[in-house]
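Analysis of the macromolecular model
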Amino acid sequence: MNMFKKSAYGMAVLFIALAIASCGGNGKKEVKNVKDTVKKTVQKDTLKVNKAYTDIAKFISGMNVDEKSELYKLSQSESFKSYAKSSDSSWKKLEKKRLLKMKTWAEAELSDLNKDITTLFYPFSGPDFLHAQTFFPNTKKIIMFGLEPVGDIPDIKKIPGEKLGKFFNAMNYSIGDVLSLSFFKTIDMGKELNSDMINGSLPIMLLFIVRTGHEIVDIKPTEINKDGKMVYIDSFKNLKGEASYNRGAEIVYVDEGDTVLRRICYFSANVADGALKMNPNCAKFFENIENNVVTMIKSASYLMHNTYFSIVRNAVLNKSKAFFQDDSGIAFRYIDGSRWNVRLYGVYNGPIPMFKNRFEEDLQEAYKNGKAKPINFQYGYGSHCGLLVARKR
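Summary of the structure given here.

About the thresholds
- Residues numbered from 1 in each chain as written.
- Predicted model: local features only at pLDDT ≥ 70, side-chain atom pairs only at ≥ 80, totals over all residues.
- Heavy atoms only, no water.
- Helix = DSSP H or I, 4+ residues; strand = E, 2+ residues; numbered from the N terminus.
- Buried < 20%, exposed > 50% of the residue type's maximum accessible area, 1.4 Å probe, protein only.
- Polar contact = N/O pair within 3.5 Å; in protein donor to acceptor, adjacent residues only side chain to side chain.
- Contact = heavy atoms within 4.5 Å.
- Axes fitted to C-alpha atoms, helices over the stretch in contact; angles between N-to-C directions.
- Parallel < 35°, antiparallel > 145°, perpendicular 65-115°, else oblique.
- Nonpolar A, V, L, I, M, F, W, Y, C, P; charged D, E, K, R; others polar.
- Salt bridge = Lys/Arg side-chain N within 4 Å of Asp/Glu carboxyl O.
- Pairing = 2+ DSSP bridges.
- Core = buried A, V, L, I, M, F, W, Y, C linked by side-chain atoms within 4.5 Å.
- Phe/Tyr/Trp six-rings, centres within 6.5 Å; stacked < 30°, edge-to-face > 60°.
- Left-handed = near helix turned anticlockwise from the far one by under 90°.

**Observations concerning the overall build of the chain**
When helices and strands are counted, the chain shows 13 helices and ten strands. When each of the 393 residues of the chain is scored for burial, the buried share is 49%.

Listed below in structure tokens is the structure:
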């Protein structure tokens, strides 16, 4: 505690103690309660929402910004108002069509995991904070990664007024797939998140953060060092392709009106076994992930079905106390029934045509022999999907 905090704490204790004394309070119990109250008050007062970052996120989301914000004048433009109207309409439809159903299902089926979750591991996530938040709203930390570079915080003030419409169109286009299909298309993201309008995954994550009822406290550029630990760096580096690997961002955020700090740790990486052998920093990062995380996998292109994605697959199986996935995650043959209690949901009709060679006969048999509970929402590829929740025995 620095000198300012000590001084503030001491003055607050003295003031409240004198107030209690003047009212006749003189017991030890009351003094202890005073200290607890002051401690909570000081903690709350030192938590500062970053208004500038939050306003940027709200602006690119089509939400109202603070009247004192530098972006307020731009938010009064016709292009912004048109974008805001269409965005609000899209989100209302999304909430009704899918998100509310997902939240209701998670409350019933994942309540034990949400009760004491600390870290959510979301491999192959790309910028999809939206579904991580929907299924696991209580998590304190989310570890996310994708091939996409983290990018940078959009500098809205540098976008000429006549190009704002183009920027908003780019934002709509970038999130179009996840709003309509529940997943990002990797090929499309490579183009959409490396344009002259949108730079990397960060703008999309900021949009999802504020659209799900949060405010931003801090954003820091990061990288993974040789010890496999995430460390802060001085600035975001405008890198693309393999040059962006191991670099990312830590985003600290809070629920609106709350003081519980939550954070996203996102980085870019190729996690195929061969790539990780050439990238020991990232390989060590997976080794360093704490035990007993909860893992979420969605629309992961069936990569962990392959023998040459064993490192990240084993990280999930060894580090998780539970994992939640569609059939594009870990192949059913790798899930040892003596170690995992498996619960199936929905239906299994096999992969979509693009991944038809990933059909799993053993998973189909498990659906036939087990009692899969129904689900009423789309998750992952295809209009009819199956979910698997595995809890470590």
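**Quick look at the environment of Ser82**
You can see Ser82 is positioned in helix H4 (residues 78-109). Distance from Ser82 to Gly62, taken between C-alpha atoms, is 8.8 Å for residues 20 residues apart in sequence.

**Observations concerning the side chain of Thr222**
By the element assignment, Thr222 lies in strand E3 (residues 214-224). Taking relative accessible area as the criterion, Thr222 reaches 1% and is therefore assigned buried. A polar atom in the side chain of Thr222 sits 3.3 Å from the backbone nitrogen of Ala249. Residues contacting Thr222, with those up to four places away along its chain left out, are Met230, Val231, Tyr232, Ile233, Asn246, Arg247, Gly248, Ala249, Glu250 and Tyr266.

**Side note on helix H11 (residues 280-288)**
Burial in H11 covers these residues: Asn281, Cys282, Ala283, Phe285 and Phe286. On its buried face, H11 is in contact with strand E1 (119-122), strand E2 (141-146), E3, strand E6 (262-268), helix H10 (273-277) and helix H12 (310-319).

**As for helix H3 (residues 51-61)**
The buried count for H3 comes to eight of eleven residues, which makes it a mostly enclosed element. Structurally, the start of H3 carries an N-cap: the backbone nitrogen of Ala52 is 3.1 Å from a side-chain oxygen of Asn50.

**Quick look at the packing of H3 against helix H9 (residues 202-211)**
Remark: H3 packs on H9, axes separated minimally by 8 Å, with the N-to-C direction vectors making an angle of 90°. In this view, H3 runs roughly perpendicular relative to H9, as classed from their interaxial angle. Contact residues: Thr54, Ala57, Lys58, Ile60 and Ser61 in H3; Pro203, Leu206, Leu207, Val210 and Arg211 in H9. When its residues are assigned to classes, the contact of H3 with H9 shows six nonpolar, two polar and two charged.

**Observations concerning the pattern of salt bridges**
Here the structure, examined in full by the defined rule, presents 14 salt bridges. Asp155 serves as the salt-bridge partner of Lys158, at 3.8 Å between the closest nitrogen and oxygen. Relative accessible area serves as the criterion here: at 68%, Lys158 is assigned to the exposed category. Glu223 is the partner of Arg247 in a salt bridge, and the nearest nitrogen-oxygen pair spans 3.5 Å. Highlighted residues: Arg247 in strand E5 (residues 247-255) and Glu223 in strand E3, separated in sequence by 24 residues. Owing to a relative accessible area of 23%, Arg247 belongs among the partly exposed residues under this scheme. The class for Glu223 is partly exposed, based on a relative accessible area of 23%. The structure contains a network of salt bridges with shared partners spanning Glu70, Asp155, Lys157 and Lys158.

**So, the sheet that holds E2**
Taken in spatial order, the ten strands line up as E4-E3-E5-E6-E2-E1-E7-E8-E10-E9 in an open sheet, and their pairing is mixed. Where the open sheet ends on each side, the last strands, each with one partner, are strand E4 (230-232) and strand E9 (340-346). Neighbour-to-neighbour, the strand axes of the sheet open up by a mean angle of 25°, direction not taken into account. As paired strands, strand E8 (residues 320-325) and strand E10 (residues 386-392) are joined by four bridges and run antiparallel to one another. Its bridge partner lying in E10, Gln325 is registered against Leu388. H12 contacts E1, E2, strand E7 (293-297), E8, E9 and E10 of the sheet and is inclined by roughly 120° relative to E8.

**Section: the nonpolar core**
Within the largest apolar cluster, 66 residues are counted, with the highest numbers of intra-cluster contacts made by Trp105, Phe135 and Phe136. Ranked by the residues each element gives to this core, the list is headed by H4, at nine residues. Ignoring any residue separated from it by four or fewer positions in sequence, one finds Phe136 in contact with Leu110, Leu113, Asn114, Ile117, Leu120, Val294, Met296 and Phe324. Core analysis: the second largest hydrophobic core is formed by 36 residues, Ile143, Cys282, Phe332 and Ile335 among them.

**Observations regarding the packing of aromatic side chains**
Enumeration over the complete set of coordinates arrives at 31 aromatic pairs. Between the aromatic rings of Phe80 and Phe168, the centroid separation amounts to 6.0 Å while the plane-to-plane angle is 65°, which identifies the pairing as edge-to-face. Placement of Phe80 in helix H4 and of Phe168 in helix H7 (residues 164-181) is noted, with a sequence separation of 88 residues between them. Each member of the pair, Phe80 as well as Phe168, carries the same accessibility label: buried.

**Focus on the environment of Asp116**
Structurally, Asp116 is set in the loop between helix H5 (111-115) and E1. On the basis of relative accessible area, Asp116 is assigned to the partly exposed category, the value being 48%. Sequence spacing of Asp116 and Lys140 is 24 residues, and the spatial spacing of their C-alpha atoms is 10.0 Å.

**So, the packing of H4 against H9**
One way to put it is that H4 packs onto H9 with a least axis distance of 13 Å and a crossing angle of 65°. The angle between H4 and H9 falls in the class roughly perpendicular. Between H4 and H9 the crossing geometry is right-handed. Each of Tyr83, Ser87, Asp88 and Trp91 in H4 lies in contact with H9, whose residues at this interface are Leu207, Phe208 and Arg211. The class makeup of the residues in the contact of H4 with H9 is four nonpolar, one polar and two charged.

Interpretation note: all reported values are geometric properties and have no functional meaning in isolation.
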